[in-house]
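Given next are the chains, with one letter for each unit.
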Amino acid sequence: MPVSRDDVRHIAALARLGLADDRLDALVGELNGILGHMEVLQKVESAGAAQAAESARAGMTLRPDVEGAVPLARAREDVAPKTREGFFLVPRLATHDDSAEA
Amino acid sequence: MSHADWEMVVGLEVHVQLKTRTKAFCGCSAAFGAAPNANTCPVCLALPGALPVLNAHAVELAIRAALATECTVHERSVFARKNYFYPDLPKGYQISQFDQPIATQGRIVIDVDGTDKVVGITRIHMEEDAGKSVHDRFAGFTAIDLNRSGVPLVEIVSEPDIRSPAEAGAYLRKLRSILLYAGVSDCSMEEGSLRVDANVSARRTGETALRTRTEIKNLNSFSAVEKALHLEWDRHVTTWKTNGTIEQQTMLWDQNRGTVRRARSKEGSHDYRYFPEPDLPPLVLDRRAIDEARASLPELPDARRARFARDYGLGAYDADVLTATRELADYFEAAARDSGDAKHAANWVTGVVLATIKERGLDIASFAALLPASRLAGVIAMMKDGSVSSSAAKTIFALMLEGPGDAPAQAAREGLLQVGDDAQLRQWVDEVWAEHPAEAARLAAGDRKLLGPLTGLVMKKSGGSADPRKVNQLLAARAGT
Amino acid sequence: MSRTARVEASFARAAEVKAGADGLNCIISADREQSLADAAAVQGGALAGVPVVIKDNLATLTLPTTCGSRVLAGYVSPYEATAVRRLRAAGAVVVGKSNMDEFAMGSSTENSAYGPARNPLDPTRVPGGSSGGSAAAVAAGIAPIALGSETGGSVRQPAAFCGIVGVKPTYGRVSRFGLVAYASSLDCVAPFGRTVDDAALALEVISGHDANDATCAVRDAPVLRAGAGRLDGVVIGVPREYFPPTLDAAIRQRCDAALDALRARGAAVREVSLPHTDLAIPVYYIIAPAECSSNLARFDGVRYGMRVEGDGLQAMYEATRSQGFGAEVTRRILLGTYVLSAGYYDAYYGKAQEVRALIARDFTRVFADGVHALFTPTTPTTAFALGSISDPYEMYLSDIFTVTANLAGIPAMSLPIGRVGGLPVGGQLMAPHFGEAAMFRVAYALEDELGAEAHQ
C-alpha cells in the first residue's frame, strides 16, 4: 500500500516533525521503498503466534508504595531550556481552552 | 424546552485519583500542594533513559474499585501507550490500558424516583495522570508543573445507560459514595481527584441505534454535569428536529457563563496509535490477591443502608443520611451499640451531631475526635434509663463538646440528674394527691386528662428534677388505671 | 601500573590514535582531569582502575549524553545509568563517551550529528554501528572494555568490523535504566571486550536485577569467566539460512575454519534450519521504528535538550524536532508513526509481532532439539567504505545475521575468527535465553583454539 505525499505530510504532523516540502518528496520515495520490502509479511501464516508467546510471559514485578524516587544530581533549572519560579515554560497555548486530549 | 418523544443517551467517563502515597510509576510523592515540580524525578520528568515501574498499592486500589462496582477483575491485563503531544505529558505518551484493561462489566444501582435502576460499567482501566498547564501566570507563556504527572488514576467508563441529568447526578453520587467507602480515592471534584467527562447523544424514543454523540469536558461539579447535559442534549434535539446534523466533537463547559460551547479546533487529529507498553510486562494478578482484596472490602453503602434499616429499624431517610459516608455510618453504629438505643442514636446523629458539624465547619473525623461515639452513647444511655430528661441531655451534650468527663459525671456536676428514685417520687405523688383531692378523684374515676396536669404538679414540687415518665406511671398506678 | 597511570596511558593512546574529531572520531567527549580524579578515588573492585568507554546513549553524570544527536547537544544527565553505576562501583574509570549512529539508528556510525567514526584498522572504512565509537575505542587500545547497546546488532556488527568481542546479553539480563530508548522491546546494554574474558568480566559486573527496570529479569548476574576448556558433548548448530549461496567465499572459509576449531575441541557440529530468518529484516524494520516513534516523542524542547523557539507551541515542537533529528531518525520516526497509525496497525505492527513470535519459535525449537549453541557469520561483509552505502534498505541488510537474536531476545556474541583482505571477520554464537554461560564456554574455547589465527 503506497504512501502519498499527503500521507507523509499527515504522519509528519502527527509526529511534530516539521518537514520542508523538498524533503517531503524524497521521503515519499524512501518510505515507499522500505514499505515495499514489508509486503512479504502479508503472505506469512502466523495467526495466534504472538498471543501464544504473550501468555507464556511472566508478569511484571511491582514496587512498594514507599517514597524513594531516583534523586536528581542537578537542579531541574540547570537542565531545562526555560524555567521560572520552578515551572517549565513553553509558548502560551493559543487558548487555554484547547483542552488536553485526555 | 421539552422534547417529547426524544430520549437522552448519556455515558460518563470518570477519572479518579487513587489514594497512594507515591506515583504510579516512580517513587515520587503523589501528595497535592507541593512547590511546582518539587515532586519529580527522572521517570516522571521523562528524562532520556528513564523507565516506569508500577506501584503495587495502585493495583490494589484499582482492584478494590473494580470489585466495589461488581466488575470482573482480569487476572491478566496489559498496559498500552496512548501517544499524543502536549507539554504537560512529558513522555509524549500516556501509559494507560487499551484493549486488555484490568476490569470490565460492572454495575451500579441508582435510585430514580424510588425505583432502582442499573447503570452498567463497561470497563475500568489504570492509567497515569498528566501534569498541570497554567496559562495565565506568566504573560505569553504556559507554565508546566509536573507534580501531578504520573499520579495513578483509574478511568471508569459507564455504559450509555443514563437517560437524564438526574440519573447522571445519581450515578455520580453513588459511584463517589462507593469509592469513598472502598477507600480508593478522596473523590473530590474541587481538588481534582475526581473528574467527569460526559458523552451525550439524542434519539427518538424507541430508536435502538445510537446517533452521533459529543463529549463534554471541563465539568467541575456534579450540578455542572446535570446542567451541561441538559443544555447539550437540547442542542442535539433542536438540531435533529431542524434536519441538521450533529458533528462528533469535543465541547467545553463554561462555568462562568453556564454554557456549553465547542472547543477550538484541535491541531492534528486524535490518532493515539495505541500499542502495548514495551517497558511493562503484562500485569498478572494472582487469584488469591483478588480474593483477599474482595475480603478486605468494607460493607458498601447499599448493603450498609439495608442492614441499618433492617437491624436498627431505621426509616429510609435516616438510613440514607447515616450511610452518606462510611465515617458517619461507623460513628452512628458505634453510638447505637454502646448506648443500646439505635433509635435515639439515629435521632441524635442525624439531628444535633450533623447540625454541630455543619455549624462548626467540621467533618465527621474531627467531630469524632471532639466527641467520640462512646461518649455520645453515654448521654443517650442516660436518657434511655431516665437518669436525665431530654432537654438535660442536650445541655450535657453541649458541655461534653467543650471538655472531658463522661455523661454521668457531667450530669451530676450540673445537677441535671433526674430523680428516678421510687421512694422519693412516691412521696411527691402522695403529697400532690393529698393536696388536690378533687383532681385525684376524677383521675381515679377514669378521667385520664388529669394525668398531665397532675404530673406537672409533681414536677413543680420536685423542682423539675423528677423523671416525668416515672411520675406519670406512678400516678396512673395510683389511680388504678 | 597504578590506576592513575593506567588512565594516563589510556588518554595517551587516545591522543596517539587521534580518537577525537581530527581522526577516528570515536570519542566525542572526555574529561581527563575528572577521569584521573576518579581513578585516584577508586577503592577496589573487580574492575579496579580499568579504563572503560561508554556509548553516548548511556546516561552519565559528568560527561554529556548526546546519543549522537543535535537534539541532546550538551545535555548532561542528572542521573546515571545502572550499567554505568555498576561498572564504576566495581572500580572502572570512565575515560570517554563514544560516538554512535544517532539514537542508535544505523549500522555504520555515519548517522552521527558529530561526524562519522572511522575504523582503526582502516580509517577509510566504517567501524560499524550503531556502537561504532565504542568498538573503535577498544580496537584502538584506548580501553579494554566498552559499553555499547544493541537493538539489531549494534554491538556484534561493529565488533566483527573492528576485530574485537561484542556481546548482546539476553533481553532482560542487564538493566536498561539510563539507556536512552530506541526500541524498548529490543534494546540491550551490551559490552565490548578486547578478549572474551574482558567481555565476560564486563557482563558479570553489569548484569543482574534492577528494581528501576520492570523488564529486567529477577536473576543474579551470571558466572561467565571460565577460561578455555574442552567442548566434548557440546552440539553446535549451523543454520543453513545464514550460509546462503551468496555468502562471500572468504567469509565462508573463515567460518569453516572456526567450525573446525570447535570440532578440534570436541564439539559436534550439526546443520539446522531457522526457516523464518528471511523475514527478520522486515519484522525488525516495522517493530523498531514503531517503538522509536513513541520513545522519541519526549524530545520536544520542553524539559531538557535543544529548543528552537517558534511562533507558538506547535511551531516550537516542529522546529526543535526538524532541526534536532537527522535524516535516518526522521525516516524511522515517520515509518514508525505510519505503521502504528489508524488503519495500519494490524497489517504492519500487529503482523510483525506475529512473525516475530515465529522467528523466536525457530530458535526455541532448535535449542529444544539438543543444540547448545548456534554458530554463524556475524555480518555478510567486512567493514565497508565510508559513504559507500546510501540506500537505506541496503544499509539495513547489513544486520541480516544479527537482527534475529534481538527479535528472539536470546544472547548472542561476535568474536574475531580471521581476516579477509586485512579486515576482521566476526563469527557469531547464539544461545538459549539466559544461556550466556554456555555461550561463553564455547567462545572461550574457540578463541583459545584459534589463537593468533583469529587476527590473520
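Remember, predicted model here, so these are calculated numbers, not experimental data. (Residues numbered from 1 in each chain as written. Chains lettered and ligands numbered in written order. Predicted model: local features only at pLDDT ≥ 70, side-chain atom pairs only at ≥ 80, totals over all residues.)

Let us now look at the overall build of chain B. Of regular secondary structure, chain B possesses 16 helices and 16 strands. Here the C-alpha radius of gyration of chain B, 30 Å, is well above what a compact globule of 481 residues would show, namely 23 Å. Counting only residues that meet the buried cut, chain B has 47% of its 481 residues in that class. Here the contacts in chain B between residues at least 6 apart in sequence split such that 69% fall between residues at least 24 apart. (Helix = DSSP H or I, 4+ residues; strand = E, 2+ residues; numbered from the N terminus. Rg over C-alpha atoms; globule rule 2.2 N^0.38 Å. Buried ≥ 20, exposed ≤ 12 C-beta atoms within 10 Å, placed from the backbone. Contact = placed C-beta atoms within 7 Å.)

Next up on the list: the overall build of chain A. Looking only at helices and strands, one finds four helices and two strands in chain A. Reading chain A from its N terminus to its C terminus gives the helix and strand order α-α-α-α-β-β. For chain A, whose C-alpha radius of gyration is 23 Å, the value lies well above the compact-globule estimate of 13 Å for 102 residues. Considered along the principal axes of its C-alpha atoms, chain A spans approximately 55 × 45 × 30 Å.

A few words on the nonpolar core. By size, the foremost hydrophobic cluster in this structure holds 269 residues, and its most contacted members are Ala 62 and Ala 198 of chain B together with Val 52, Ala 137, Leu 334 and Leu 429 of chain C. Sorting elements by how many residues they give to this core places helix α8 (residues 280-295) of chain C first, with ten residues. Other than its neighbours up to four places away in sequence, Leu 334 of chain C contacts Val 8, Ile 11, Ala 12, Ala 15, Leu 17, Leu 27 and Leu 31 of chain A. Membership of the second largest hydrophobic core comes to 35 residues, among which are Ala 329, Ala 368, Val 388 and Leu 416 of chain B. (Core = buried A, V, L, I, M, F, W, Y, C linked by C-beta atoms within 7 Å.)

Attention shifts here to the pairing of strand β3 (residues 93-98) of chain C. Residue and element names in this part refer to chain C. Most of β3 sits out of view: six of its six residues are buried. Summarising the sheet, strand β1 (residues 27-29) and β3 pair through two bridges and their orientation is antiparallel. Paired with Ile 27 across the two strands is Ser 98, which belongs to β3. Tracing the backbone out of strand β2 (residues 51-55), into helix α3 (residues 82-89) and back to the parallel element β3 gives a crossover that is right-handed. (Pairing = 2+ DSSP bridges. Right-handed = clockwise from strand over helix to strand, strands pointing away.)

Next up on the list: the sheet that holds strand β10 (residues 412-420) of chain C. Picture the strands of a sheet paired through backbone hydrogen bonds; they go either parallel or antiparallel. Residue and element names in this part refer to chain C. Strand order in the open sheet formed by eleven strands is β1-β3-β2-β4-β6-β5-β10-β11-β9-β7-β8, and the pairing between neighbours is mixed. Looking along the sheet, the strands with just one partner apiece sit at the ends: β1 and β8 (268-272). Pairwise comparison of adjacent strand axes, ignoring direction, gives a mean angle of 35° for this sheet. For strand β4 (residues 145-150) and strand β6 (residues 188-193), the ladder comprises six bridges, and the chain directions are antiparallel. Bridge pairing in β6 links Ser 149 to Val 189. On the sheet, helix α7 (residues 249-264) packs against β7 (235-239), β8, β9 (373-377), β10 and β11 (423-430) and is oriented at approximately 115° with respect to β10. (Axes fitted to C-alpha atoms, helices over the stretch in contact; angles between N-to-C directions.)

At a minimum axis distance of 9 Å, the contact between helix α1 (residues 5-14) of chain A and helix α10 (residues 327-340) of chain C shows a crossing angle of 100°. Classed by the angle they form, the pair α1 of chain A and α10 of chain C counts as roughly perpendicular. Contact residues: Val 8, Ile 11, Ala 12 and Leu 14 of chain A in α1 of chain A; Leu 334, Thr 337 and Tyr 338 of chain C in α10 of chain C. The residue makeup of the contact of α1 of chain A with α10 of chain C, split by class, is six nonpolar, one polar and no charged. (Parallel < 35°, antiparallel > 145°, perpendicular 65-115°, else oblique. Nonpolar A, V, L, I, M, F, W, Y, C, P; charged D, E, K, R; others polar.)

Moving on, we come to the confidence of the model for chain A. Caution is warranted with low-pLDDT regions, since their predicted coordinates should not be read in detail. When the pLDDT values of chain A are averaged, the result is 89; 91% of them are 70 or greater. Per-residue pLDDT stays below 50 along residues 96-102 of chain A; that stretch engages in 19 contacts with residues further than four places along the chain or on separate chains. (pLDDT = per-residue confidence, 0-100.)

With omega at 10°, the peptide bond leading from Gly 129 of chain C into Ser 130 of chain C counts as cis. Inspection of the secondary structure assignment puts Ser 130 of chain C in the loop between β3 and α4 (132-139). Of note, Asp 5 of chain B is a non-glycine position whose phi angle comes to about 75°, a positive value. In this fold, Asp 5 of chain B is placed in the segment before β1 (6-17).

Taken together, the 40 residues of chain A in the interface contact 46 residues of chain C. Where the side of chain A that touches chain C is concerned, the elements lending two or more residues are α1, α2 (21-38), α3 (49-56) and β2 (87-91) of chain A. Top contributing element to the side of chain A that touches chain C by residue count: α2 of chain A, with seven residues. In terms of residue class, the side of chain A that touches chain C is made up of 31 nonpolar, five polar and four charged.

Residue and element names in this part refer to chain A. At a minimum axis distance of 9 Å, the contact between α1 and α2 shows a crossing angle of 100°. When the axes of α1 and α2 are compared, the pair comes out roughly perpendicular. Within the contact between the two elements, α1 uses Arg 5, Val 8 and Arg 9 and α2 uses Leu 24, Asp 25, Leu 27, Val 28 and Leu 31. Split by residue class, the contact of α1 with α2 holds five nonpolar, no polar and three charged.

With that out of the way, let us pick up the sheet that holds β2 of chain A. Overall, antiparallel pairing links the four strands, which are arranged β1(A)-β2(A)-β9(B)-β8(B) in an open sheet. Either end of the sheet is taken by a strand with one partner, and the two such strands are β1 (83-84) of chain A together with β8 (132-134) of chain B. Pairing of β8 of chain B with strand β9 (residues 141-145) of chain B involves three bridges; the strand directions are antiparallel. Counted as the bridge partner of Lys 132 of chain B is Asp 145 of chain B from β9 of chain B.

Interface extent is often summarised as the accessible area lost during association of the parts. In this complex, chain A contributes 38 residues to the contact, which on the side of chain B involves 48 residues. Here the side of chain A that touches chain B takes five residues from β2 of chain A, the largest share from any one element. Considering only residue class, the side of chain A that touches chain B consists of 19 nonpolar, six polar and 13 charged. Where β2 of chain A and β9 of chain B come together, four bridges link them in antiparallel fashion. When the sheet's bridge partners are listed, Phe 88 of chain A is paired in β9 of chain B with Ile 144 of chain B.

On to the pairing of strand β5 (residues 165-168) of chain C. Residue and element names in this part refer to chain C. Because side chains alternate across β5, one face comprises the buried residues Val 165 and Val 167, and the other comprises Gly 166 and Lys 168, equally buried. Where β5 lies against β6, two bridges are found, and the strand directions are antiparallel. Bridging from a neighbouring strand, Val 165 pairs with Gly 193 of β6. Sheet analysis places β5 next to β10, joined by three bridges and oriented antiparallel.

What follows concerns the environment of Arg 70 of chain C. All names here are of chain C. Mapped onto the fold, Arg 70 is located in the loop between β2 and α3. Overall, the presence of 19 C-beta atoms within 10 Å leaves Arg 70 in the partly exposed class. When the C-alpha atoms of Arg 70 and Ala 21 are compared, they prove to be 16 Å apart, with 49 residues separating the residues in sequence.

This next bit is on the environment of Gly 23 of chain C. All names here are of chain C. Locating Gly 23 in the fold gives a position in the loop between α1 (3-16) and β1. Expressed as a C-alpha distance, the spacing of Gly 23 and Asp 311, which sit 288 residues apart in the sequence, is 41 Å. Once residues within four sequence positions are removed from consideration, Gly 23 is found in contact with Val 17 and Lys 18.

If you check the domain split of chain B, you get domain 1 (6-291), domain 2 (299-413) and domain 3 (422-479). Look at where the C-alpha atoms of domain 2 of chain B and domain 3 of chain B centre, and you get two points 33 Å apart. (Domains from an automatic or database assignment.)

Right, let's get into the confidence of the model for chain B. Predicted confidence across chain B gives a mean pLDDT of 91, with 96% of residues reaching 70 or more. At the level of chain-chain contacts, confidence expressed as ipTM amounts to 0.97, with global pTM at 0.91.

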